[in-house]
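Survey of secondary and tertiary structure
If you want the building blocks of each chain, they are given just below.
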2 protein chains.
Amino acid sequence: MQTALRTVPPPTRMSHMPTPFRAVPGALALLEQFGCTVTVRRDHEIYRHGEPTDFCWRILTGCARTVKLMEDGRRQIGEFLWPDDLLGMDDFGTHYFDGEAVTDLTLRRYPRRVVEAQAEGNAVLALWLRTITVTNLRFAHRQLVLLGRKTALEKIASFLLEMDRRSAQTDGGVVELPMNRTDIADHLGLSIETVCRNLAHLQREGTVGILRSGIDLLDRDALLELARE
Amino acid sequence: MQTALRTVPPPTRMSHMPTPFRAVPGALALLEQFGCTVTVRRDHEIYRHGEPTDFCWRILTGCARTVKLMEDGRRQIGEFLWPDDLLGMDDFGTHYFDGEAVTDLTLRRYPRRVVEAQAEGNAVLALWLRTITVTNLRFAHRQLVLLGRKTALEKIASFLLEMDRRSAQTDGGVVELPMNRTDIADHLGLSIETVCRNLAHLQREGTVGILRSGIDLLDRDALLELARE
DNA sequence: CGATCGATTGAGTAGCGTCAAATCGGGTGG
DNA sequence: CCACCCGATTTGACGCTACTCAATCGATCG
């Protein structure tokens, strides 16, 4: 299991700290005693849509996605999540999306009952929970504009810049993309071929370099221009 | 002004009550003393993106929209809002969308500072605010699937059912649509012509009737089938 | 080394957008 | 009351973006 986890992309931000006991937002500290650490293998589920919202998770290492699968197989990925992101607080009652592991994951799991109970007596935690939800909502709203009104090329440019911001590992300009092309396509409302073609186009233009390890953002200004935000 | 407001579509749910003093969610009752009633004319702004989030609004009568305008004129409507819906709580700091009046509006406006201050000392209000945000997030997530993966016809069917649910005035099966075709198109990521053509298609099929006052949902089962949800 | 899975490239097409014209409906002024 | 006007809607013709189907390439693994 440990060796499996080591094959995963970059151990990113948390790897240098003894797992759950690091700089947790102050408000979350009092939940720590109720948390337990779990692992989920690549492409396996964290939770399924329709399940009761009994837990939420904080990502320790790895990358996760939220997914909606239509009956005929069409798929929409709501968002990708990185270390320190909170998963499963987007709903009351039952989950709307599925939560899945893009890479092997280590998670810190907390019972929602405890989270909600603590929030009731702790205004800082309560505000922090709403802040997280508002942040997610802002992301969703930006994604609405992207899906509704941007061209394929604009979507790709926006996505690359977004991944650069979120996965924020500054080894030169190379963005590591733990998800595959299908995931990217299903996040941007495109086909996998259109994703490939537009990445190739950006490469021919000299805007990006396509590496095995990720995408090299050679010309961020050009990408910003294309992203139209 | 009053006569202007009377020309607006359906006075919907609130019209039979003396405006702000009606069944306000208990948690909001203690904010009522800080609220003031404002009106906004059709197509005018309530707030602009980038403005500080100094206020939020509860809709008393009329219909509002949240809008993102791209530099070249492309437009995405995030959501439509009806009486009792809360507007302007989606962000901290500055607004992302514009808020605009679809019809002439009466609003109850509250200072955010007061709302936040009250929430800090009142767990019920705090939870209620988060519940509203979570509800908005769920709507946004459904819209992501619609924009990313549904066909034009599926989008139209989904939209009609959604409007039926939200504007919930049960005069037979007729959904009143206060927004114009352009607004619908910009909400669904379509062109106005595609909206028209698909509505016409549904009419030819006998699924809906297109009336001056709105859309008659003749065959809800067919719409549900088409909406794929 | 062959098998397999993801990524890429090519060819052809369909759905939806754009441009343009016609129609409808409501409001206005004579 | 009626003719006209103007904006919103609808319909038609055509084009383009992005999808589908299919083949190839590349990398990893047994």
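For the structure, see preceding data.
What counts, and where the lines are drawn
- Residues numbered from 1 in each chain as written.
- Chains lettered and ligands numbered in written order.
- Predicted model: local features only at pLDDT ≥ 70, side-chain atom pairs only at ≥ 80, totals over all residues.
- Heavy atoms only, no water.
- Axes fitted to C-alpha atoms, helices over the stretch in contact; angles between N-to-C directions.
- Helix = DSSP H or I, 4+ residues; strand = E, 2+ residues; numbered from the N terminus.
- Parallel < 35°, antiparallel > 145°, perpendicular 65-115°, else oblique.
- Left-handed = near helix turned anticlockwise from the far one by under 90°.
- Contact = heavy atoms within 4.5 Å.
- Nonpolar A, V, L, I, M, F, W, Y, C, P; charged D, E, K, R; others polar.
- Buried area = accessible area lost by both parts, 1.4 Å probe.
- Salt bridge = Lys/Arg side-chain N within 4 Å of Asp/Glu carboxyl O.
- Near = heavy atom within 4 Å.
- Polar contact = N/O pair within 3.5 Å; in protein donor to acceptor, adjacent residues only side chain to side chain.
- Least-squares fit on C-alpha atoms with pLDDT ≥ 70 in both.

Overview of the packing of helix H5 (residues 152-167) of chain A against helix H6 (residues 181-188) of chain A
Residues and elements named next belong to chain A. One can describe the packing of H5 onto H6 by two numbers: an axis separation of 11 Å at closest approach and a directional angle of 110 degrees. Between H5 and H6, the crossing angle belongs to the class labelled roughly perpendicular. For the pair H5 and H6, the sense of crossing is right-handed. Touching Lys155, Ile156 and Phe159 of H5 are Ile184, His187 and Leu188, all from H6. When grouped by side-chain class, the residues that make up the contact of H5 with H6 number four nonpolar, one polar and one charged.

Considerations on the interface of chain A and chain B
Listed as interface residues are 45 residues of chain A and, on the opposing side, 45 residues of chain B. Summed over both partners, the interface of chain A with chain B buries about 4000 Å², with 64% contributed by carbon and sulfur atoms. Area buried by chain A at its contact with chain B is led by Arg130(A), Leu144(A) and Arg149(A), which between them contribute 21% of it. Our enumeration of links across chain A and chain B arrives at eight salt bridges. Two residues, Arg130(B) and Glu116(A), come together in a salt bridge whose shortest N-O distance is 2.5 Å.

Brief notes about the protein's contact with DNA strand C
Of all residues adjacent to DNA strand C, which total 16 residues, the nearest are Arg181(A), Arg197(A), Glu193(B), Thr194(B) and Arg197(B). Taken together, the sugar and phosphate atoms account for 57% of what DNA strand C places within 4 Å of the protein. With respect to DNA strand C, the side chain of Ser191(B) contributes an N or O atom lying 3.1 Å from a phosphate oxygen. Within the side chain of Thr194(B), a nitrogen or oxygen atom sits 2.4 Å from a phosphate oxygen of DNA strand C. For the surface near DNA strand C, the elements supplying multiple residues, two or more each, are helix H7 (192-204) of chain A together with helix H7 (192-204) of chain B. With four residues, the top contributor of residues to the surface near DNA strand C is H7(A). A breakdown of the residues in the surface near DNA strand C according to their chemical character gives five nonpolar, five polar and six charged.

So, the relation of the copies chain A and chain B
Of the two same-sequence chains, chain A is brought onto chain B (RMSD 0.0 Å, axial shift 0.0 Å) by a rotation of 180 degrees. A rotation of that kind, with that shift, is consistent with a two-fold axis. The overlap is high: 100% of the interface residues of chain A also sit at the interface in chain B, so the same surface is used on both sides.

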